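So the chains spell out like this:
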Amino acid sequence: MQNIPSVDLRDFLSDDPKRKQKFVNEIGSAFENIGFVALKGHFLDDKLVDELYGEIRKFFALPVETKHNYEIPGIGGQRGYVSFGKEHAKGRKEGDLKEFWHFGQYVDKDSKWASEYPENVEVKELPRFNEVGKDAYQMLEKTGIYVLRALALHLGLDEFYFDEYAKEGNSILRPIHYPPITSEPENAIRAAAHGDINLITLLMGAQGKGLQVQNHDGEWIDAIAADDELVINVGDMLSRHTNNKLKSTIHQVVNPPRELWGTSRYSVPFFMHPVSDMRLDCLEKCIDEENPKKFEDITAGEFLHERLVELGLIKK
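Parameters and conventions
- Residues numbered from 1 in each chain as written.
- Predicted model: local features only at pLDDT ≥ 70, side-chain atom pairs only at ≥ 80, totals over all residues.
- Heavy atoms only, no water.
- Helix = DSSP H or I, 4+ residues; strand = E, 2+ residues; numbered from the N terminus.
- Buried < 20%, exposed > 50% of the residue type's maximum accessible area, 1.4 Å probe, protein only.
- Axes fitted to C-alpha atoms, helices over the stretch in contact; angles between N-to-C directions.
- Parallel < 35°, antiparallel > 145°, perpendicular 65-115°, else oblique.
- Left-handed = near helix turned anticlockwise from the far one by under 90°.
- Contact = heavy atoms within 4.5 Å.
- Expected span 1.5 Å × (residues − 1).
- Nonpolar A, V, L, I, M, F, W, Y, C, P; charged D, E, K, R; others polar.
- Pairing = 2+ DSSP bridges.
- Phe/Tyr/Trp six-rings, centres within 6.5 Å; stacked < 30°, edge-to-face > 60°.
- Lys NZ or Arg CZ within 6 Å of the ring centre and 35° of its normal.

**Details of unusual backbone geometry**
Part 1 of the argument: In this structure, Asn243 is a non-glycine residue whose phi angle is positive, near 55°.
Part 2 of the argument: Examined against the element boundaries, Asn243 turns out to sit in the loop between helix H7 (236-241) and strand E12 (251-253).
Part 3 of the argument: In the Ramachandran plot, Asn244 falls in the positive-phi region, its phi being about 70° despite a non-glycine side chain.
Part 4 of the argument: On the secondary structure map, Asn244 appears in the loop between H7 and E12.
Part 5 of the argument: Judged by its relative accessible area of 28%, Asn244 falls in the partly exposed class.

**A few points about the packing of helix H3 (residues 46-60) against helix H5 (residues 129-154)**
Helix-helix packing is described using two parameters, namely the angle between the two axes and the distance between the axes.
Part 1 of the argument: Direction vectors running N to C along H3 and H5 enclose 135°, while the axes themselves pass 9 Å from each other. Considering their axes alone, H3 and H5 lie oblique with respect to each other. For the pair H3 and H5, the sense of crossing is left-handed. Where H3 approaches H5, its residues Leu48, Glu51, Leu52, Glu55, Ile56 and Phe59 are matched on the opposing element by Phe129, Val132, Gly133, Asp135, Ala136 and Met139.

**Brief notes about the environment of Ile224**
Part 1 of the argument: Inspection of the secondary structure assignment puts Ile224 in the loop between strand E10 (220-222) and strand E11 (230-234).
Part 2 of the argument: A relative accessible area of 39% places Ile224 in the partly exposed class.
Part 3 of the argument: Residues Ile224 and Ile4, 220 residues apart in the sequence, show an inter-C-alpha distance of 8.3 Å.

**Regarding H5**
Part 1 of the argument: Relative to the 38 Å expected for 26 residues at 1.5 Å per residue, H5 spans 38 Å between its end C-alpha atoms, a close match to the ideal helical length.
Part 2 of the argument: Backbone geometry just downstream of H5 places Gly156 in the positive-phi region, at approximately 80°.

**Here we look at the packing of helix H2 (residues 17-33) against H5**
Part 1 of the argument: Running from N to C, H2 and H5 point in directions that differ by 85°, and their axes come no closer than 9 Å. The angle between the axes of H2 and H5 places the two elements in the roughly perpendicular class. Contacts between H2 and H5 involve Lys20, Phe23, Val24, Ile27, Gly28, Ser29, Phe31 and Glu32 from the former and Val147, Ala150, Leu151, Leu153 and His154 from the latter.
Part 2 of the argument: In terms of residue class, the contact of H2 with H5 is built from 8 nonpolar, 3 polar and 2 charged.

**Concerning the pairing of strand E8 (residues 200-204)**
Part 1 of the argument: Taking burial as the measure, the 5 residues of E8 include 5 buried ones, the bulk of the element.
Part 2 of the argument: Relative to E11, E8 is paired through 4 bridges, and the arrangement is antiparallel. Residue pairing across strands places Ile200 opposite Val234, the latter belonging to E11.
Part 3 of the argument: Bridge analysis of E8 against strand E13 (residues 265-272) gives 5 bridges, and the strand direction is antiparallel. When the bridges of E13 are listed, Ile200 appears paired with Met272.

**Topic: the packing of aromatic side chains**
Part 1 of the argument: For the structure on display, the rule yields 16 aromatic pairs.
Part 2 of the argument: Considering the side-chain rings of Tyr70 and Trp101, the 6.0 Å spacing of their centres and the 65° angle between planes classify their relative orientation as edge-to-face. With Tyr70 in the loop between helix H4 (64-68) and strand E3 (80-82) and Trp101 in strand E4 (residues 99-102), this pair connects stretches of sequence that are 31 residues apart. With respect to burial, Tyr70 and Trp101 carry one shared label: buried.
Part 3 of the argument: Aromatic side chains Tyr106 and Tyr137 sit 5.2 Å apart centroid to centroid with 85° between the ring planes, which places their arrangement in the edge-to-face category. Pair noted here: Tyr106 is in the loop between E4 and H5 and Tyr137 is in helix H5, with a separation of 31 residues, a long-range link.
Part 4 of the argument: On the basis of relative accessibility, which here comes to 24%, the residue Tyr106 falls in the partly exposed class.
Part 5 of the argument: When its relative accessible area of 0% is taken as the criterion, Tyr137 is described as buried.
Part 6 of the argument: When the ring centre of Phe12 is taken as origin, the NZ or CZ atom of Lys20, which lies over that ring, is 5.0 Å away.
Part 7 of the argument: Seen from the ring of Phe100, Arg174 lies directly overhead, with NZ or CZ sitting 3.8 Å from the centre.

Honestly, that's just the spatial picture; any functional story needs more than this.
This is the structure:
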């Protein structure tokens, strides 16, 4: 496979059972074979996308000292600002060439998860930043719920199997700024090869070259979406839960050609996580003689903690 397949969520949302099943088949096949799709028909409109990018650019253009005021100690970077080079890929020492922000889940104060999730951080210099971020978070979460419903049907589960785990899940919206490169990077790229931690990732901002996906032959493929598409991939939690039936694919963001070093790149992944007490034990439907159980039993919260330590965001 030399490119990622494109699917249309409007097929799944239609009243036509054949169109709905077509979407289930297409996304299921793509996630079994390469772990990535480009998705049309999502719930983000152009106005919201433009407004979000405008707010993101304004935030990352703030003075470094101002941004550091929003770097919150003791929470593993789960809310607010994370400064340049702080995160690295699993197994690497070199920090990625990026800075980013985290918006987290929005729950009512009487939710059982209210005490577990850190508060979102308000940026006082930008009065629209947090409101626009919340709107984008909720539209991406809504899109992700429908994608998970399609995957549940593909796996032979009840369509709404994932709803109870994802609807107040520990999901993260991460606007990323890859600043201009000013000198030859020493063994560092914008985002080193990695798999995502979560159930699925919905990515805004894959319209230009940079994001690459590794296929089963070990070849790197450019993952480039159309203007109206999100790129969606399987994360390690979902791969683990399905005993690797759905593939969490290694991907990276490479440095641009030297003539484009002076340009910034922005992308906005939505990392869809379940609630922390979801069990990621391999589904019985995904285990047989040809595919014996590959992973130990673990909860989503335990798995997330392990990975944040490996990424350098939480110290042992």
